[in-house]
Each structure stands twice: as structure tokens, then as C-alpha cells.
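Understanding the architecture of this molecule
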Amino acid sequence: MKETLEKLRAAALTAIADAPGAKRLEELRVKYLGKKGELTAILKQMGGLSAEERPVIGQAANSVRESIEQALEARGAVVEADALERRLRDEELDVTVPGTEACIGRRHPISIVLDEAKDIFVGMGFSIAEGPEVELSVYDFDRLNIPQSHTVREWSDTFYVAEDESVHLRCQTSPVQVRYMEAHSPPIRIISPGRVYRKDEIDATHSPMFHQIEGLAVDRGITMGDLKGTLNAVLQRLYGADTKTRFRPHHFPFTEPSCEVDVQCFVCSGAGCRTCKGEGWIELLGAGMVHPKVLSGCGIDPEEYSGFAFGLGLERMTMLRFGIDDMRLLFENDMRFLGQF
Ligand code: PHE
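Summary of the structure given here. (Residues numbered from 1 in each chain as written. Predicted model: local features only at pLDDT ≥ 70, side-chain atom pairs only at ≥ 80, totals over all residues. Heavy atoms only, no water.)

**As for the sheet that holds strand β7 (residues 255–264)**
In spatial order, the strands read β1-β4-β5-β9-β8-β7-β6; together these 7 strands make up an open sheet with mixed pairing. Two strands in the sheet have a free side with no partner beyond their single neighbour: β1 (127–128) and β6 (245–252). Judged from the 8 bridges that link them, β7 and strand β8 (residues 281–290) form a sheet pairing that is antiparallel. When the sheet's bridge partners are listed, Ser 258 is paired in β8 with Gly 288. Contacts from helix α5 (residues 109–123) reach β1, β4 (188–197), β5 (209–219) and β9 (306–313) within the one sheet, and its direction differs from that of β4 by about 165°. (Pairing = 2+ DSSP bridges. Helix = DSSP H or I, 4+ residues; strand = E, 2+ residues; numbered from the N terminus. Contact = heavy atoms within 4.5 Å. Axes fitted to C-alpha atoms, helices over the stretch in contact; angles between N-to-C directions.)

**Things to note about the site of the ligand**
Around the ligand lies a shell of 14 residues, among which Gln 172, Ser 174, Arg 198, Gln 212 and Glu 214 are the nearest. With respect to the ligand, the side chain of Arg 198 contributes an N or O atom lying 2.9 Å from an oxygen atom. Between the ligand and Gln 212 there is a distance of 2.9 Å, counted from an oxygen atom to a side-chain nitrogen or oxygen. When residues of the shell around the ligand are assigned to their parent elements, the largest contribution, 3 residues, is made by β9. Of the residues in the shell around the ligand, the class split is 5 nonpolar, 7 polar and 2 charged. (Near = heavy atom within 4 Å. Polar contact = N/O pair within 3.5 Å; in protein donor to acceptor, adjacent residues only side chain to side chain. Nonpolar A, V, L, I, M, F, W, Y, C, P; charged D, E, K, R; others polar.)

**Details of helix α2 (residues 22–33)**
Helix length check: α2, at 12 residues, gives a terminal C-alpha distance of 16 Å against a target of 16 Å (1.5 Å per residue), a fit within 8%. Along α2, the positions that sit buried rather than exposed are Leu 25, Leu 28, Tyr 32 and Leu 33. Buried residues in α2, looked at end-on, bunch into an arc of 90°, giving them a common side. Packed against the buried residues of α2 are α1 (2–18), α3 (38–44) and α4 (53–90). (Expected span 1.5 Å × (residues − 1). Buried < 20%, exposed > 50% of the residue type's maximum accessible area, 1.4 Å probe, protein only. Arc of directions from axis to C-beta.)

**Section: the nonpolar core**
In this structure, Ile 213, Leu 284, Leu 285, Phe 308, Phe 310, Leu 312 and Met 317 are the most contacted members of the largest nonpolar core, which totals 39 residues. Contributing elements (two or more residues each) for this core: α5, β5, α8 (224–239), β7, β8, β9, α10 (314–322) and α11 (335–338). Per element, the largest residue contribution to this core is 6 residues, and it comes from α5. The contact partners of Leu 285, leaving out residues within four places of it in the chain, are Leu 231, Leu 235, Cys 259, Glu 260, Val 261, Phe 310, Gly 311 and Leu 312. Ala 129, Val 176, Ile 188 and Cys 298 belong to the second-largest nonpolar core, a separate cluster that totals 25 residues. (Core = buried A, V, L, I, M, F, W, Y, C linked by side-chain atoms within 4.5 Å.)

Next up, the structure:
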């Protein structure tokens, strides 16, 4: 029996020394020391031993148990340390390795200038209104006093959506004026930025889709002086305090009187150059005093109220702001170009 015990000790110690991990060690503990384990099995046979043999075998059995327990504990400490080291190695994080750069993109130059313009107008008490891009011809033409004979109403100029010409892609942001005046009574101060569509050939200064910022102020006693003061202040904020403007008489069906507004060429300061095509001035927007017919069509009494309106070309503003000489660059989505802003 003593021999059996010694064999058990030897087998157990070898197995324990070879155990690769904590799981295997637990299996071995159960196998040798568990209630149904091999040592227990041997001890159960002690009943058949003589009174002299019993304490001897008992001692030997205890010694085997102790050495197995010690071996389990020692090997346990080793595999635990190994596991920890492996984990530290696997989960190693080198904080000095350069990170992967997150590409968050950037604002389009048109958005940059639009945001600047919004800030300026909002600071002057204007709020922002929006209208549909697919517009009723009633709003984009009739209510704006644009006669049936006007060239803009021809199929060669406008993207009609309906055969009967009742719906089209708006060719200006001015219908938002009508929509807003219909729904609100004076005092009114809004700007309305958005896309507009015209059947223009694409070239360096034209695109069938572009952006405008419409402006409208209606109140008692609004004059052309308010229009000039407002636009001068805005353009000087956008292009610098020494920006010079020029108001030329013009015609729009929905304003009376009407004007076009130019800024003095910032490249040549008015002498004439390529940027301004030798003019010394760059046309930036159309404006005027809201036509009494447009006011009364929206339920506003032109005897009591007056207003000014203007329409700024956002692409033109952006090109001037950043010195861009070809409008197509704004729409081609070339990251080499867009990444510069
Ligand atoms: N809607 C005009 C255009 O597109 C611009 C404009 C707006 C003129 C408001 C006067 C008043 O040319």
C-alpha cells in the first residue's frame, strides 16, 4: 500500500508540473484529492490494515496529500504569473504610436460665406425664412408682378415641372417674400437663402443651379436710405471697411424703384482689370423698394407700409471673398480645391 501511495505521489507531481494552466490544475486536484479522488480511494482501504500498519500508512498518506497540495499551490502561482504576463503582452498599448487621423471634413466655401452672411443679418435683427425649391408659378411669377410675356417664363429659361407651367424649379428666392408676407404682418425682417435654377449653360460664371440670399424688410417708413445703409453695412462687414459700393438704376417687376449694386473691384481698386473685366466694379446683387402691387397682393396696405428687398448671388459673393475665378470649382467636389478653405 505504501508503494501505491508513492506511485500516486510521483504520478501526481509529474502531472502537476506539466499542467499548462489553472483549469488543468483544478482537474488534477479533483482527480487526486477530491472526494472521489485517487487518494481517498486508497484511504478507504485502510480498514483492512493491522493496528501497527495503520498509523504508518496514515502518515504516508498525509505526506502524499501535503506534497500534492504544495505542488498544486506552487504550480498555481507559476501559471497565474504566466497568464498575467501574457495578458500584459497581448493588451500592450503603446501610447506613443501615432493615431489614425479622423477625417471629419470641412465646410464648403459656399457654406462658410453663407454662415458669415447669416451671422451679419441675424445681428441686424433679420430672421431666416425658407421656401420650397419646387415652386408654384403663382408665387415665383404672378404674385411678383412678372408679366406673362417676360422671357423668364419661357421654357428655354425655366425648368418647368408641370406641362401647364403651374409648377417649376424656382428661378429666384423672391417667392419666399410672398410666402412670408402672406403668413406674417409687418414689421418683417427676413433673409431667405437657398438654391435656384435657371437654364444657363455652364461656364466660369454660370451654373444651372446656384444660390441666392433674398432679403426683405417691411415696416412703416422704410426708405431707399434704409436699403442702402443696410447693404453697405453688410458688404463692408463681408469685404472690409473700405469696401466701396455703387447703386445703379435697374428694373425688376417686383420692386420700384429698382437698382443693381456693385462693389468696387478689390483687385484693382476701380482701375479696371481681368477680375472686373475692365469695369472697375463687380455686380453683386439686385434690389429695390417692394412694388406696391406685391405688397397689396399679400394683404399689406402699401399706403401704410413700405419695404425694401434684395437678392444676393451667393456664388458670386463666395468667389469674391476667396478670390476664386471659376464657379465650376465650387461644384466639382474636388478635395484638392475644397481642402483649402
Ligand atoms: N430676384 C432678383 C434676381 O434674381 C433679385 C432681386 C431680389 C431684385 C429682390 C430685387 C429685389 O435677379
